[in-house]
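Inside the fold
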Amino acid sequence: QVQLVESGGGLVQPGGSLRLSCAASGITFSSHGMRWYRQAPGKERELVAAITSVRGLTTYADSVKGRFTISRDNAKNTVYLQMNNLKSEDTAVYYCNVVQGSQYWGQGTQVTVSS
């Protein structure tokens, strides 16, 4: 079955950096686009970044452009989200997502940006 396991979240001060990882199994990873979403308390889940399967083309939410970078390592079946210059409004649970017929989600990893 499809499994997505996120890691790398934590507490960081404003202006700091974190790198999230999502390890995928149960899919032909290199054939699937991958996405990172986030959900802050009391808010809807929103798409943060996406990367295509073959060409690795990337798209970002306007709120994170220039600060976040999504990347993938097909040899490791892993997608990453490098987050720089973090702001308090980036505080959320971050989820990895893939579509293979149905949508699949990881368990999420908490990112808290606070001084």
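Summary of the structure given here. Bear in mind that the values here come from a model prediction, so they are computed numbers and not experimental data.

About the cut-offs
- Residues numbered from 1 in each chain as written.
- Predicted model: local features only at pLDDT ≥ 70, side-chain atom pairs only at ≥ 80, totals over all residues.
- Heavy atoms only, no water.
- Pairing = 2+ DSSP bridges.
- Helix = DSSP H or I, 4+ residues; strand = E, 2+ residues; numbered from the N terminus.
- Axes fitted to C-alpha atoms, helices over the stretch in contact; angles between N-to-C directions.
- Disulfide = S-S within 2.5 Å.
- Salt bridge = Lys/Arg side-chain N within 4 Å of Asp/Glu carboxyl O.
- Buried < 20%, exposed > 50% of the residue type's maximum accessible area, 1.4 Å probe, protein only.
- Contact = heavy atoms within 4.5 Å.
- Polar contact = N/O pair within 3.5 Å; in protein donor to acceptor, adjacent residues only side chain to side chain.
- Phe/Tyr/Trp six-rings, centres within 6.5 Å; stacked < 30°, edge-to-face > 60°.
- Lys NZ or Arg CZ within 6 Å of the ring centre and 35° of its normal.

Attention now moves to the sheet that holds strand β3 (residues 18–25). In a beta sheet, neighbouring strands pair by backbone hydrogen bonds and run either parallel or antiparallel. Overall, antiparallel pairing links the four strands, which are arranged β1-β3-β8-β7 in an open sheet. The strands lining the two open edges of the sheet, one partner per strand, are β1 (3–7) and β7 (68–73). When strand polarity is set aside, the average angle formed by the axes of neighbouring strands in this sheet is 15 degrees. Relative to β3, β1 is paired through five bridges, and the arrangement is antiparallel.

This model, assessed by the stated rule, comprises one disulfide. Residue pairing for C22: its cysteine sulfur links by disulfide to C96, the two sulfurs lying 2.1 Å apart. Between C22 and C96, the S-S torsion sits near -80 degrees, and that sign places the bridge as left-handed. Of the two residues, C22 sits in strand β3 while C96 sits in strand β9 (residues 92–100), which places them 74 residues apart along the sequence.

On to the pattern of salt bridges, then. If you walk through the whole model with that rule in mind, you get four salt bridges. D90 serves as the salt-bridge partner of R38, at 2.9 Å between the closest nitrogen and oxygen. Placement of the pair is R38 in strand β4 (residues 34–39) and D90 in the loop between β8 (78–83) and β9, with a sequence separation of 52 residues. For D90, a relative accessible area of 0% gives the class buried. With its nearest N and O atoms 3.1 Å apart, the salt bridge here joins K65 to D62. Residue D62 is classed as exposed on the basis of its relative accessible area, which comes to 65%. Salt bridges linked by common partners bring R38, E46, R67 and D90 together as one network.

Let us look at the environment of H32. Assignment of secondary structure puts H32 in the loop between β3 and β4. Distance from H32 to V2, taken between C-alpha atoms, is 12 Å for residues 30 residues apart in sequence. With sequence-adjacent residues up to four places away left out, H32 is seen in contact with I27, S53, R72, V98, V99 and Q100. Side chain to side chain, H32 and Q100 meet in a polar contact 3.3 Å long.

This paragraph deals with the packing of aromatic side chains. Two measures describe an aromatic ring pair: the distance that separates the ring centres and the angle between the ring planes. Taken as a whole and judged by the stated rule, the model has two aromatic pairs. Members of the aromatic cluster, each reached through a chain of ring pairs, are Y37, Y95 and W105. A cation over an aromatic ring shows up here: R72 above the ring of F29, its NZ or CZ 4.5 Å from the ring centre.

Sheet topology places β9 next to strand β10 (residues 102–105); four bridges connect them, and they run antiparallel. When the bridges of β10 are listed, N97 appears paired with W105. Adjacent in sequence and paired antiparallel, β9 and β10 are bridged by one residue, among which G101 carries a positive phi angle near 80 degrees.

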